[in-house]
Structure formats: C-alpha cells, structure tokens
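The primary structure of each chain is shown beneath.
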Amino acid sequence: MTRGAKRTAVLLAFVLPALLFYLVCTVLPAFGGFWYSLTDWNGLNREYAWVGVSNYVEALRDDPYFLDSILFTLKYVMFMVVLQNVAALGLAVLVESRRRSKALFRTIFFMPNMLSMIVGGFMWMFIFTKALPFFAERTGFGWLDRSWIGDPSLSFYSILVLSLWGGVGYIMVIYIAGLQGVPVHLKEAAAIDGANAWQTVRHVTLPMIYPAITIGVFLTLSTSFKVFDAVYALTGGGPGRSTQVIAINIMEEAFRFQQRYGYASAKAMILFLIVLLLTLIQLRIMKRREVEA
C-alpha cells in the first residue's frame, strides 16, 4: 500500500464513525419518513395501508390549517432573513470598529445562542407578561402594557424579538470573520482615491464579504423554515392557530391530536422540498453574485 493510500485509509477510519452515525440517525430516518408518507400509519399499529400520494393531495388541497401554517412560516422567514442578517452585519461592524473590548462584546452578543430556545422562550414570556406591564406601571409608558402574546396582531412580533435575540449572535460571528478577511490595503487604497466611509463599505467591504452574506442568508433561510422551539415555548402556535408554523402543525398532526403519522410525514416531506427548492435558488443566485463581485 502506498503512502497516499495509507493516509486516505487513516482519514476514512476517522470519518467512518461520524459517517455511520449520520447515516443511521439522519439519512435512514429521512428515507423512512418518505416511505411512511405514502401510507396511513398512525405511529402505533404494525399494520398500515399503502395510500400513495393521497396524503400529499390532502395536505395541499384539503387542509386549510396546513396551508395557513405555510403562509405564516413564509411571512416569518421573510422577516427573519432580512432582520437577522441586517442586525448581525450591523453588530459585526460595530464590534469590529471598537479598539478595545472586542472579545467582551462578541461574547455578550453570542451568549443567547448558547441557551436553549425553550429556556429563552420562557424568559421572554416572563418579560412580555410580567416585566413590561410592571415597567409600564412604574414609568407611565402605557403602550408597553399590552397583550404581547395573547393578541394575534402582536404575537408575531414577539416571536420575531425572541428569534432575533437568540440567533443574531451566531450570524454576527460569521460576518465578523468576513470583515476580518477584508485586506487593509484595499481600504487604504479606497481612502487615497477619495472614497468616503459609505463608498468604501459599498465598493470594497460588501463585495469582499459577499461569501459570508451568502452563508448568513442560507443559514437564516433554512433554520427559519424549520423553526419550532421558539414559537412552541412562547405562544404554542396560538392564540388559536394564528402563529402556527409548519413544524408545530406537523407535530400536532403526528402526536397531539390526530396521530396520523403517515399524513404528518407527508407534510414533513413537503416542508423538506420547500426548503430544498428555496435554498438551492438562493445559493445559485448569490453564488453568481459572488463571482460578479
């Protein structure tokens, strides 16, 4: 065996345990979910019948709650992709512009990402239901004393606040890495040519960190579609079904009310296809822009 073959064998030996774990815990359940989506299995009985694509037809044609959850999730995704990336990039610029305490501020902004969103949801529930009314009573800011979770017109924004608080730090770190990779001599050359701060950011910094922007948009797009814990902890999909995302709709279909595991698997496959299609389109468009930049 040649030296290169030995090195390849050693590397494969190190990768093999993780690969097997990934195949057993991710790939095989995914194929199993697709199989069950074509059946009427309830998750308990050994016997089930083959129903073909009727679960998909029912979900997309005859299930208004599922269609509403898709629309609400799309609304949530649009807000999150824009707000989280803009906030993360802004924080990254502010942190990198400081001469001192960079590590401290990076830690402070990243710390919420280290907490479980279930814990964060209960924390923000306390803030919305207890802390803000108390603060409004003591300060006279009556507009703070509102039903932030119980009012359908406000609960969506409460979810956005929780999600931004919990996720913006992670994307910020990606943008910080991108900003640190911008060569200093390019900024100095732009300044010598008479470019102001905004022109330097627009024509030098943003094109150089476009790969980081692609990654940030990809992560926020994919994770926002799969959001579950933040919504479940803060509103549970309510009031009513006004904040029900796709993941909560699938969970309720499979485990809480109907126990239609095959039907829920079909909904999960629809979610997978939506995420796959939109992320592929996003990557294709933004990768092309990277080359142009």
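Residues numbered from 1 in each chain as written. Predicted model: local features only at pLDDT ≥ 70, side-chain atom pairs only at ≥ 80, totals over all residues. Heavy atoms only, no water.

Draft legend 1. Inspection of the nonpolar core at higher detail. One finds Met172, Tyr175 and Ile213 to be the most contacted residues of the largest nonpolar core, which totals 39 residues. Leave out the neighbours within four places in its chain, and Met172 touches Ala88, Leu91, Ala92, Val95, Arg106 and Phe109. (Core = buried A, V, L, I, M, F, W, Y, C linked by side-chain atoms within 4.5 Å. Buried < 20%, exposed > 50% of the residue type's maximum accessible area, 1.4 Å probe, protein only. Contact = heavy atoms within 4.5 Å.)

Draft legend 2. Structural detail: the pattern of salt bridges. All told, the structure shown has 8 salt bridges when counted by the stated rule. We note a salt bridge from Arg138 to Glu137, for which the minimum N-O separation is 3.5 Å. Judged by relative accessible area, Glu137 falls into the exposed class, the value being 61%. Among the charged side chains, a salt-bridge network with shared partners connects Asp63, Glu253 and Lys267. (Salt bridge = Lys/Arg side-chain N within 4 Å of Asp/Glu carboxyl O.)

Draft legend 3. Molecular detail of helix α11 (residues 246-256). Buried residues dominate α11, accounting for 9 of its 11 residues. Listed as buried for α11 are Ile246, Ala247, Ile248, Asn249, Ile250, Met251, Glu252, Glu253 and Ala254. (Helix = DSSP H or I, 4+ residues; strand = E, 2+ residues; numbered from the N terminus.)

Draft legend 4. Molecular detail of the packing of helix α8 (residues 197-208) against helix α9 (residues 210-225). Two elements in contact, α8 and α9, have axes separated by 4 Å at closest approach and are oriented at 60 degrees. Taken as axis vectors, α8 and α9 run oblique relative to one another. Contacts between α8 and α9 involve Leu206, Pro207 and Met208 from the former and Tyr210, Pro211 and Ile213 from the latter. Partitioned by chemical class, the residues of the contact of α8 with α9 number 6 nonpolar, no polar and no charged. (Axes fitted to C-alpha atoms, helices over the stretch in contact; angles between N-to-C directions. Parallel < 35°, antiparallel > 145°, perpendicular 65-115°, else oblique. Nonpolar A, V, L, I, M, F, W, Y, C, P; charged D, E, K, R; others polar.)

Draft legend 5. Region of the structure containing unusual backbone geometry. Looking along the chain, the bond that leaves Gly238 and enters Pro239 is cis, with omega of 0 degrees. Here Pro239 shows up in the loop between α10 (229-234) and α11. Look at Ser101: it is not a glycine, yet its phi comes out positive at around 65 degrees. As for its placement among the helices and strands, Ser101 is situated in the loop between α3 (64-97) and α4 (102-110). On the basis of relative accessibility, which here comes to 37%, the residue Ser101 falls in the partly exposed class.

Draft legend 6. How the structure looks around a nonpolar patch on the surface. On the surface, a cluster of nonpolar side chains totalling about 970 Å² of accessible area is made up of Val10, Phe14, Val15, Leu16, Leu19, Leu20, Tyr22, Leu23, Val24 and Leu28. Along the chain, Val24 falls in helix α1 (residues 3-36). Since its relative accessible area comes to 53%, Val24 is described here as exposed. (Patch = residues over 30% accessible without salt bridge, like charges linked within 9 Å, V, L, I, M, F, W, Y side chains within 5 Å. Areas by Shrake-Rupley, 256 points an atom, 1.4 Å probe, with all protein chains shown as cover.)

Draft legend 7. The arrangement of the environment of Ser37 in detail. Here Ser37 lies in the loop between α1 and α2 (54-62). Considered as a pair, Ser37 and Tyr263 are 226 residues apart in the sequence and their alpha carbons are 5.9 Å apart. If we skip the residues at most four places from it in the chain, Ser37 touches Gly52, Asn55, Tyr56, Gly262, Ser265, Ala266 and Met269. Of the polar contacts made by the side chain of Ser37, one reaches the side chain of Tyr56; its length is 2.7 Å. (Polar contact = N/O pair within 3.5 Å; in protein donor to acceptor, adjacent residues only side chain to side chain.)

Draft legend 8. View of α3. For α3, with 34 residues, the first-to-last C-alpha span of 49 Å sits near the 50 Å given by 1.5 Å per residue. By the N-cap criterion, in which a side-chain oxygen at the helix start approaches the backbone nitrogen of a residue two or three places on, α3 is capped by Asp63, the distance to Tyr65 being 3.3 Å. (Expected span 1.5 Å × (residues − 1).)

Draft legend 9. Representation of the environment of Ala136 within the structure. With respect to the element layout, Ala136 can be found in helix α5 (residues 117-139). Apart from the residues lying within four places of it in its own chain, the contact partners of Ala136 are Phe141, Gly142, Leu144 and Asp145.

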